[in-house]
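# Per-entry structural report
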Amino acid sequence: MANSSLLLRCDPSPMEATVFAPRRGHGGSVGLKRHGRWRVPQAAVIPNYHIPMRSFEVKNRTSSEDIKKLRLITAIKTPYLPDGRFDLEAYDAMMHMQIENGAEGVIVGGTTGEGQLMSWDEHIMLIGHTVNCFGGSIKVIGNTGSNSTREAMHASEQGFAVGMHAALHINPYYGKTSLKGLVTHFEAVLPMGPTIIYNVPPRTGQDIPPSVIHTISQSANMVGIKECVGNDRVKEYTEKGISVWSGNDNECHDARWDCAATGVISVTSNLVPGLMHKLMFHGKNPSLDSKLSLLIKWLFQPDQPNPIGVNTALAQLGVVRPVFRRPYVPLPLESRVEFVDIVKELGRENFVGKKDVQILDDDDFILV
């Protein structure tokens, strides 16, 4: 061992170490001589925990009250190129269609936008792109929820850093947690900015009960809830002054006009934003609601979960390329034929895009 060598024995409790220097013993053997105590440089022992990015400076940011005014929010679809990357040209065209037809907000990277299939880099990039290009014309709500509280915090910090107006947060799925755990999860993300809570038990495996919503509603950043349990729950919240968006397109008319819901976070408005705007803004219209029911039923077939239907429909309308990120695959041919009939019945002029609706063959679709 060279004379300059040091052996370091860590003592983690006081973050100190004992240093031993080599010493020549009898017969040339090397011994150890205690020289004293040496403090380990702090930078060498900082644990790998999450370091917050957020600033506590006052920001010129959208308020919760601004978000509460939104009646029609579209859960925007994410289109792809044949190599699997985002098709931003198609995405921007879709955004223009939403703005022109009266949508007031978009959910970026939600279930419909397939945030569950994105890396976080892709996720934040798409939120930032949407804000940069359209943030002056429409409210951008980024889905930065996760079943990991740490990930949800980090993604929300990044989302607000790139300018999103509000966050959408789901409750922890699969692993689930206790009611107290739900509260602490949401309390960890609410300080970062205006937040809509998303309750969809069929996807998460766990309901967010009213007791949790009432507890976290004390936060100034708690905007409201996207509720998919049904209109009885919607009414329970609105009677207590909590803002609610229906998460079920087939119930949104009654939720809005009979249960005082703020509006809807809609999948169907990807296809017919003008008609959905009319449904939310122009008073009770059971005739239009009934007319749209055939399309909504087609979009949400029991064995074909969202976003399979809307992806297939937009491809047949020529608005997006027929590219699917797996595990999603297009609806079967029989359903694709049925969609063409629905478009004719509702009127092609009410749907997004300008191309004739087509019946696509199986070979027309690309799976990436």
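The rules behind these values
Residues numbered from 1 in each chain as written. Predicted model: local features only at pLDDT ≥ 70, side-chain atom pairs only at ≥ 80, totals over all residues. Heavy atoms only, no water. Helix = DSSP H or I, 4+ residues; strand = E, 2+ residues; numbered from the N terminus. Buried < 20%, exposed > 50% of the residue type's maximum accessible area, 1.4 Å probe, protein only. Salt bridge = Lys/Arg side-chain N within 4 Å of Asp/Glu carboxyl O. Pairing = 2+ DSSP bridges. Axes fitted to C-alpha atoms, helices over the stretch in contact; angles between N-to-C directions. Contact = heavy atoms within 4.5 Å. Right-handed = clockwise from strand over helix to strand, strands pointing away.

### What to know about the side chain of Thr-130
- Among the structural elements, Thr-130 can be located in helix H3 (residues 120–134).
- Overall, Thr-130 belongs to the buried group, its relative accessible area being 0%.

### Re the pattern of salt bridges
- On inspection of all chains with the given rule, the structure shows 10 salt bridges.
- We note a salt bridge from Lys-69 to Asp-66, for which the minimum N-O separation is 4.0 Å.
- Classification of Lys-69 as exposed rests on a relative accessible area of 54%.
- Between Glu-114 and Lys-77 there is a salt bridge whose closest N-O contact spans 3.9 Å. On the criterion of sequence distance, the pair formed by Glu-114 in the loop between strand E5 (105–108) and H3 and Lys-77 in the loop between strand E4 (72–75) and helix H2 (88–100) is long-range, its members being 37 residues apart. No difference in accessibility class separates Glu-114 from Lys-77, as the two residues are buried.

### Comments concerning the sheet that holds E4
- One closed barrel accounts for eight strands, arranged E4-E5-E6-E7-E8-E9-E10-E11; its pairing is parallel. Between one strand axis and the next, the sheet turns by 25° as a mean value, whatever way the strands run.
- Taken together, the three bridges between strand E6 (residues 139–143) and strand E7 (residues 166–170) define a ladder with parallel strand orientation. By the bridge assignment, Gly-142 is partnered in E7 with Ala-167.
- Sitting on the sheet, H3 is in contact with E5 and E6, with an inclination near 175° to E6.

### So, the pairing of E4
- Neither face of E4 is open: one carries Leu-72 and Thr-74, the other Ile-73 and Ala-75, and all of them are buried.
- As paired strands, E4 and E5 are joined by three bridges and run parallel to one another. Within E5, the position partnered with Ile-73 by the bridge is Gly-105.
- In this region the chain leaves E4, passes through H2 and returns to the parallel neighbour E5; the handedness of that crossover is right-handed.

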